[in-house]
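# Reading the structure
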Amino acid sequence: MSTITAATVKELRDKTGAGMMDCKQALVETDGDMEAAIDLLRKKGLSKAAKKSDRIAAQGLIGVASKVRSGALVEVNSETDFVARNPQFQEMVQTITSLAAGAGGDLGKLLAAAYPGSSGTVDDKIKDAIATIGENMGLRRTAALAVKEGVVADYVHNKSGDGIGKIGVLVALESAGDSNALEQLGRQLAMHIAAASPLVVNVEDLPQEAIERERAIYIEQAKAEPRNAGKSDEILAKASEGRLQKEFVSQAVLLKQVFVIDGKATVAEILKQAEKDVGAPVRIAAFVRYALGEGIQKKEEDFAAEVAKTIGAATGAKPAEAPKKEAAKAEAPAGDDPAPAPAPKKGSKSSKKKS
């Protein structure tokens, strides 16, 4: 049986919003399997905010570049946001992004590409930056899209420079229609994808196991309702089909999502409407959405220690060691909730702040 640590319980609690003891019990029942524990909490109706992707984010930047019929994305990570705001780091990410289309989505090929203005590769440049800045960095992933006829549009959210930010999207549209109208449509779709985070373009692209997993969760939730006592799984599955379509399929499939800019029509309907301006049928061939730090567990650091480390790296001085946490807190058992902070006194400024 896997050891259930306090850190694992906290991670599950952060992902689901369920109570500490409920999270610990779920992990015990699933032998420490995080995804299975999330499903179990959802089935019990205890999860308030279960997500398919990690909420923990690493620092760094997403780079995006497109040229009419092709485009590429990269994610370059750093340990702190201080480095992500560094002009030299940003310039490096922009340069790597400009080379990404030539790598065609192959990470190894991009790392081995010659870095402009140097005698080394992209990988060499990153290693040089690590030595200079004194902080770990890495080119984590890359993707590329291309069409023979149509456009590849892009969008960057939370921009910190030309083509760099926290979320990057590419969307490939196949059409023989007007390229300017297609480009405008593509950018709006890329903005929608950044906001709505679909999983696939079409219903047919959804993995059957994902559909069955969601269906099982809805059935278990239906079983917990007193009015469904004694009903078979088959009856509950039929009764839950509407929820499955509305709450999962219509949220996971791009063409079924409500277009965020319009707020009324689905993306499929928006495509049909746009064909009048484009002058030809339009098909979404593919999309890629990168959100910074997806799936990366970032080491938690004291803010003062992070500042000290950054200043030390810049000056060459060794930062003072941050005080160690009390042993009692560090060794706290997984089932114990931290003691709540004392309630603010009536009439104090803090008691008037909205949560």
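Residues numbered from 1 in each chain as written. Predicted model: local features only at pLDDT ≥ 70, side-chain atom pairs only at ≥ 80, totals over all residues. Heavy atoms only, no water.

This part takes up a nonpolar patch on the surface. The grouping of Met191, Val260 and Ile261 at the surface amounts to a nonpolar patch, some 240 Å² of accessible area in total. Position of Val260 among the secondary structure elements: in the loop between helix H10 (233-252) and helix H11 (267-278). (Patch = residues over 30% accessible without salt bridge, like charges linked within 9 Å, V, L, I, M, F, W, Y side chains within 5 Å. Areas by Shrake-Rupley, 256 points an atom, 1.4 Å probe, with all protein chains shown as cover. Salt bridge = Lys/Arg side-chain N within 4 Å of Asp/Glu carboxyl O. Helix = DSSP H or I, 4+ residues; strand = E, 2+ residues; numbered from the N terminus.)

Moving on, we come to the packing of aromatic side chains. This model, assessed by the stated rule, comprises 0 aromatic pairs. It is Arg141 that lies over the ring of Tyr290; its NZ or CZ is 3.9 Å from the centre. (Phe/Tyr/Trp six-rings, centres within 6.5 Å; stacked < 30°, edge-to-face > 60°. Lys NZ or Arg CZ within 6 Å of the ring centre and 35° of its normal.)

Okay, the pattern of salt bridges next. The tally for this structure, following the rule as stated, stands at 16 salt bridges. Note that Arg213 and Asp39 form a salt bridge whose closest N and O atoms lie 2.9 Å from each other. Here the residue Arg213 occupies a position in helix H9 (residues 208-223), and Asp39 occupies one in helix H3 (residues 34-43), the gap between them amounting to 174 residues. For Arg213, a relative accessible area of 30% gives the class partly exposed. Residue classification places Asp39 among the buried positions, given a relative accessible area of 12%. Residue Arg215 pairs with Glu212 through a salt bridge whose shortest N-O separation is 2.7 Å. Here Arg215 and its partner Glu212 are both found in helix H9, 3 residues apart, which amounts to about one turn of the helix. Residue Arg215 is classed as buried on the basis of its relative accessible area, which comes to 19%. (Buried < 20%, exposed > 50% of the residue type's maximum accessible area, 1.4 Å probe, protein only.)

Considering the arrangement of structural elements, one finds Gln90 in helix H5 (residues 87-103). A polar atom in the side chain of Gln90 sits 3.2 Å from the backbone oxygen of Ala84. (Polar contact = N/O pair within 3.5 Å; in protein donor to acceptor, adjacent residues only side chain to side chain.)

For the rest of this paragraph, the subject is the packing of helix H8 (residues 179-196) against H11. Remark: H8 packs on H11, axes separated minimally by 10 Å, with the N-to-C direction vectors making an angle of 165 degrees. The orientation of H8 with respect to H11, classified from their angle, is roughly antiparallel. Crossing of H8 against H11: the hand is right-handed. When H8 is examined against H11, the residues Ala181, Leu182, Leu185, Leu189 and His192 are found in contact with a partner set consisting of Val267, Ile270, Leu271, Ala274, Asp277 and Val278. Residue composition of the contact of H8 with H11, grouped by class: 9 nonpolar, 1 polar and 1 charged. (Axes fitted to C-alpha atoms, helices over the stretch in contact; angles between N-to-C directions. Parallel < 35°, antiparallel > 145°, perpendicular 65-115°, else oblique. Left-handed = near helix turned anticlockwise from the far one by under 90°. Contact = heavy atoms within 4.5 Å. Nonpolar A, V, L, I, M, F, W, Y, C, P; charged D, E, K, R; others polar.)

This part is about the environment of Gln94. Here Gln94 shows up in helix H5. We classify Gln94 as partly exposed; its relative accessible area is 30%. Once the C-alpha coordinates of Gln94 and Leu61 are considered, the two residues, 33 residues apart in sequence, prove to be 9.5 Å apart. When near neighbours in sequence (up to four residues on either side) are disregarded, Gln94 contacts Gly161, Asp162 and Ile164.

A separate point is the sheet that holds strand E6 (residues 167-174). In spatial order, the strands read E4-E6-E7; together these 3 strands make up an open sheet with antiparallel pairing. Edge positions in the sheet fall to strand E4 (150-157) and strand E7 (283-291), since each of these pairs with one other strand and no more. Taken pair by pair, the neighbouring strands of this sheet meet at an average axis angle of 10 degrees, ignoring direction. Relative to E6, E4 runs antiparallel, the two sharing 8 bridges. Considered in E6, the bridge of Val151 is made with Leu173. In this fold H8 packs onto E4, E6 and E7, with an angle of close to 40 degrees to the strand it touches most, E4. (Pairing = 2+ DSSP bridges.)

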